[in-house]
2 protein chains.
Amino acid sequence: MIFSPLNDAHKNAFRSMVAPDRFSTGKSHLNLHAADQSFHAPRRPDAVIWPVDREEVSRILSYADAHRIPVTAWGAGTSMEGNPIPLFGGLVADFSRMNRILDIRGTDFQADVEPGVIYQDLNNQLRFKGLFFPPDPGARATIGGMIANNASGPHTIRYGSTRDCILRLTVVLAGGKVIRIGTRASKTSSGYDLLHLFIGSEGTLGLVVEATVRLSGLPEALSAAVAAFPTLESAGQAVREIIRAGLDPAALELMGPECIDLMNREHRLGLVGLPTIFMEFHGPSREHLETILALARELCREAGSTAFHSGLGREARDRIFRARHELGEMILRRHPGCRVRVVDIAVPASAYSEMIGCAQKEMHRSSLTGYIFSHAGDGNLHVNLVGPKGDDGVWARIDELAGRMVEQALLFGGTATGEHGVGIGKRGFMEAEHGPSLEWMRRVKALFDPKGILNPGKIFLV
Amino acid sequence: MIFSPLNDAHKNAFRSMVAPDRFSTGKSHLNLHAADQSFHAPRRPDAVIWPVDREEVSRILSYADAHRIPVTAWGAGTSMEGNPIPLFGGLVADFSRMNRILDIRGTDFQADVEPGVIYQDLNNQLRFKGLFFPPDPGARATIGGMIANNASGPHTIRYGSTRDCILRLTVVLAGGKVIRIGTRASKTSSGYDLLHLFIGSEGTLGLVVEATVRLSGLPEALSAAVAAFPTLESAGQAVREIIRAGLDPAALELMGPECIDLMNREHRLGLVGLPTIFMEFHGPSREHLETILALARELCREAGSTAFHSGLGREARDRIFRARHELGEMILRRHPGCRVRVVDIAVPASAYSEMIGCAQKEMHRSSLTGYIFSHAGDGNLHVNLVGPKGDDGVWARIDELAGRMVEQALLFGGTATGEHGVGIGKRGFMEAEHGPSLEWMRRVKALFDPKGILNPGKIFLV
């Protein structure tokens, strides 16, 4: 890929497109847009621009395309696979000032938002209308970033990933043209599904400037339960039986004992240090949830659970899930001076226990430290591998181990990334996962972005 | 589009690719592949071929591409918008002999099937494992055809459309190359979503030769209810409230009184001739459903229902839904010597009642006969317009009225087709619905099928 360096003429051109405080080449701004929350090496852009509307985005892309200048979209920088790191420098387009909630249509269970809206902020507004936007990656992510990575989280098992909660997008293409894809109808068979092509494309096909999101009704009743198991295998069995029985959990998270210890330490949860399932159920009434929880308890008992605490209300639930969401940070705090490589893989349900077993065995064999936790109901596994900063020997082993885990997931018919996206870290596995269809992905990229200016270096190995 | 006529050399070439009984130019075979279940004019292909494996499909497409011969895939011919009518003649590839269920992986909630499998046949096998494939268009459709049209049905409100129930596809592209897209993992953020690009593409981008479908667990308990309302508006309000309350119906169908009368006539259902909702709930236990039904009854009462019959078991439920699925045929039987044009549109929930009101008013004004029924929970409306065969005056008015309804749906932010696909009948509305993104759909078509041999004349106006 051959790009133009961002010279003074280019800088002046971009500067003239926006208000004076919305273009910067200042070092602190560049540093703030050099790294996400992943372990990948930072790379500074040459400039940062903060557009506020689609016309500005269109002008920026039109110019950048004509002059072959890389443009990488930036949401909140909370991604986990280097997705927004501007590998080839150039311009970062930071969408944080395009953060208006444009419309909430309660009757339609829809909202129109700009890409810079933080999903928790949208949910804070929606709460008063009895609605919420379900995907919950945890970090304070923007909806634009969630669309880029097809983000998901604990609630995905019931409510779907970001892909399932987007109805319509307005997208600015590489040359500056604006298209609208999708519909406000809740289902459609009208023409090619470009909508889902753009969702999860990590800002490499076009930049989203508006999204119509699908909302769900806040459940009338919520109840959570915690179950402990002697082994990860027996916990995995309980997960399968809960799904098979149609209990329709709103979350079904499995954590290894090392994670439970950490969560107890920081949040005094008082849980037993065993493989543990956090489950959450949503329903129209308390009585309804009681029948569900009774069935869940029975299924867990049959799978060998040693403890089952049910009937946790919203407050207890929130404490547990906050601890769950903070696991990544806790691991860092527990290991000062260390970095963490997060492995994000997903496998079919039947391979889930075996995949966890492989991961444990490999960690043990490598004498590496790792934490296993997972969106178990989706077969989506995270392994956070810890190593001292700068210890090249350990890091070589970590990288090798991470690679082996991904390869194992692919052998099980799974995917190299369940929710973090390809970014930088998973490019090397695309050939193995997709085979000949990878070439067609490249052709789709070339169709929509012939000069390759949009987030270059991502998804595909150069 | 310029295609080669199917000459003797071509016929011999295709004939040599398959067993002798699997290629035909016989008139009866050609006639059987000239029309689907829609009102669109028949058009015979020049030959029919029945491949049995991907290698044959690959050879057929490789030859057809090299010689610019149109190839239109054929499932069961049950589509409603002319989708498989071979508008440019050429070859029809009938997938009915590729109908093996290759694997059922109960623990994964997955099955691998060939495209010619009829979905009810799959469900008959799955029943013994406590599983089912949820999309239910009603007719004995093949899964390949359902993928082509992104088919859906009454259960879509809870379980999604075909798009939501496909995990992986093996596709033969126009030149004969075979690619596999998607994953067996239940979620993924790995690369571009080609999977959903092919689903709903009506055989214009490639031909599916194998699909991994996502299954659901058969519900432990099922209950149905019927509620009658004084007006379609009040029924529409009940629909919205049932969804908002999170009762998570497995079906939520609304029929006009003219449909109820017809269903009473043929099936002696003894229902009151009023706007009526059929609803179905799935759950893990009978007690659970009782609490749900009590809430549903309350919400219907608040919306003004005049009758509510609940607690219908599987047998009563099946009778009602069989009648519902047969509505199309009943309408034909009720009007001998007539044809029916089915309008299939979908609008956001807030516009649903108004859309029905518009449709009624327009039918009244045109003094045309029509039947309104809908997958109300999805805002998906069918209007079956009836006119005497050969009465050009009436048919001109029917076509005009159908067009006005589609335009109205688009004005409401809806879609020209909720589940029947674009086929022939909705091509003229693609520009209005998609605007500049239609051009990108054309480019995607040109990318995957540069010579345009796959189901030419569909989706796009020529």
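Below, the structure is looked at part by part. (Residues numbered from 1 in each chain as written. Chains lettered and ligands numbered in written order. Predicted model: local features only at pLDDT ≥ 70, side-chain atom pairs only at ≥ 80, totals over all residues.)

1. Quick notes on the overall build of chain A
In terms of helices and strands, chain A carries 16 helices and 18 strands. Against the globule reference of 23 Å for 462 residues, chain A gives a C-alpha radius of gyration of 22 Å, in line with a compact fold. Each of the 462 residues in chain A was classed as buried or not, and the buried ones make up 58%. Taking as baseline every contact in chain A between residues at least 6 positions apart, the subset at least 24 positions apart corresponds to 73%. (Helix = DSSP H or I, 4+ residues; strand = E, 2+ residues; numbered from the N terminus. Rg over C-alpha atoms; globule rule 2.2 N^0.38 Å. Buried ≥ 20, exposed ≤ 12 C-beta atoms within 10 Å, placed from the backbone. Contact = placed C-beta atoms within 7 Å.)

2. Examining the interface of chain A and chain B
Residue-level contacts link 79 residues of chain A with 79 residues of chain B. Contributing elements (two or more residues each) for the side of chain A that touches chain B: strand 9 (178-182), helix 7 (194-198), helix 8 (232-244), strand 14 (276-283), helix 10 (286-303), helix 13 (349-366), helix 15 (430-434) and helix 16 (437-448) of chain A. It is helix 16 of chain A that contributes the most residues to the side of chain A that touches chain B, six residues altogether. A per-class count over the side of chain A that touches chain B returns 27 nonpolar, 36 polar and 16 charged. (Nonpolar A, V, L, I, M, F, W, Y, C, P; charged D, E, K, R; others polar.)

3. A short note on the sheet that holds strand 17 (residues 369-375) of chain A
Residue and element names in this part refer to chain A. One open sheet accounts for seven strands, arranged 15-12-14-13-17-18-16; its pairing is antiparallel. The two strands at the open ends of the sheet, each matched to only one other strand, are strand 15 (307-312) and strand 16 (338-346). Between one strand and the next, the sheet's axes are offset by a mean angle of 15°, whatever the strand orientation. When strand 13 (residues 251-255) meets strand 17, the two strands line up antiparallel, connected through two bridges. Residue pairing in the sheet places Met255 in a bridge with Phe373 of strand 17. Packing against the sheet, helix 9 (residues 257-267) makes contact with strand 13, strand 14 and strand 17, and its axis sits at approximately 90° to strand 17. Along the sheet face, helix 14 (residues 392-411) touches strand 16 and strand 18 (380-388) and points at about 10° away from the line of strand 16. (Pairing = 2+ DSSP bridges. Axes fitted to C-alpha atoms, helices over the stretch in contact; angles between N-to-C directions.)

4. Thoughts on the relation of the copies chain A and chain B
Mapping chain A onto chain B calls for a screw motion: a turn of 180° about the axis and a shift of 0.0 Å along it, with 0.0 Å RMSD after fitting. Here the transformation between the copies is reduced to the relation of a two-fold axis. Scanning chain A for the C-alpha nearest the rotation axis identifies His288(A), at a separation of 2.7 Å. (Least-squares fit on C-alpha atoms with pLDDT ≥ 70 in both.)

5. Topic: the sheet that holds strand 16 (residues 338-346) of chain B
Residues and elements named next belong to chain B. Taken together, seven strands build an open sheet; the order of strands is 15-12-14-13-17-18-16 and the sheet is antiparallel. Edge positions in the open sheet fall to strand 15 (307-312) and strand 16, since each of these has one partner strand only. The average angle at which neighbouring strand axes cross in this sheet is 15°, direction not considered. Relative to strand 18 (residues 380-388), strand 17 (residues 369-375) runs antiparallel, the two sharing seven bridges. Counterpart to His375 in the pairing with strand 18 is Asn380. Its contacts with the sheet place helix 11 (residues 314-325) against strand 12 (221-228), strand 13 (251-255), strand 14 (276-283) and strand 15, and it is angled at close to 55° to strand 12. Against the sheet, helix 12 (residues 327-334) engages strand 16, strand 17 and strand 18, with an angle of about 20° to strand 18.

Such coordinate-based values are descriptive only and should not be taken to indicate function.
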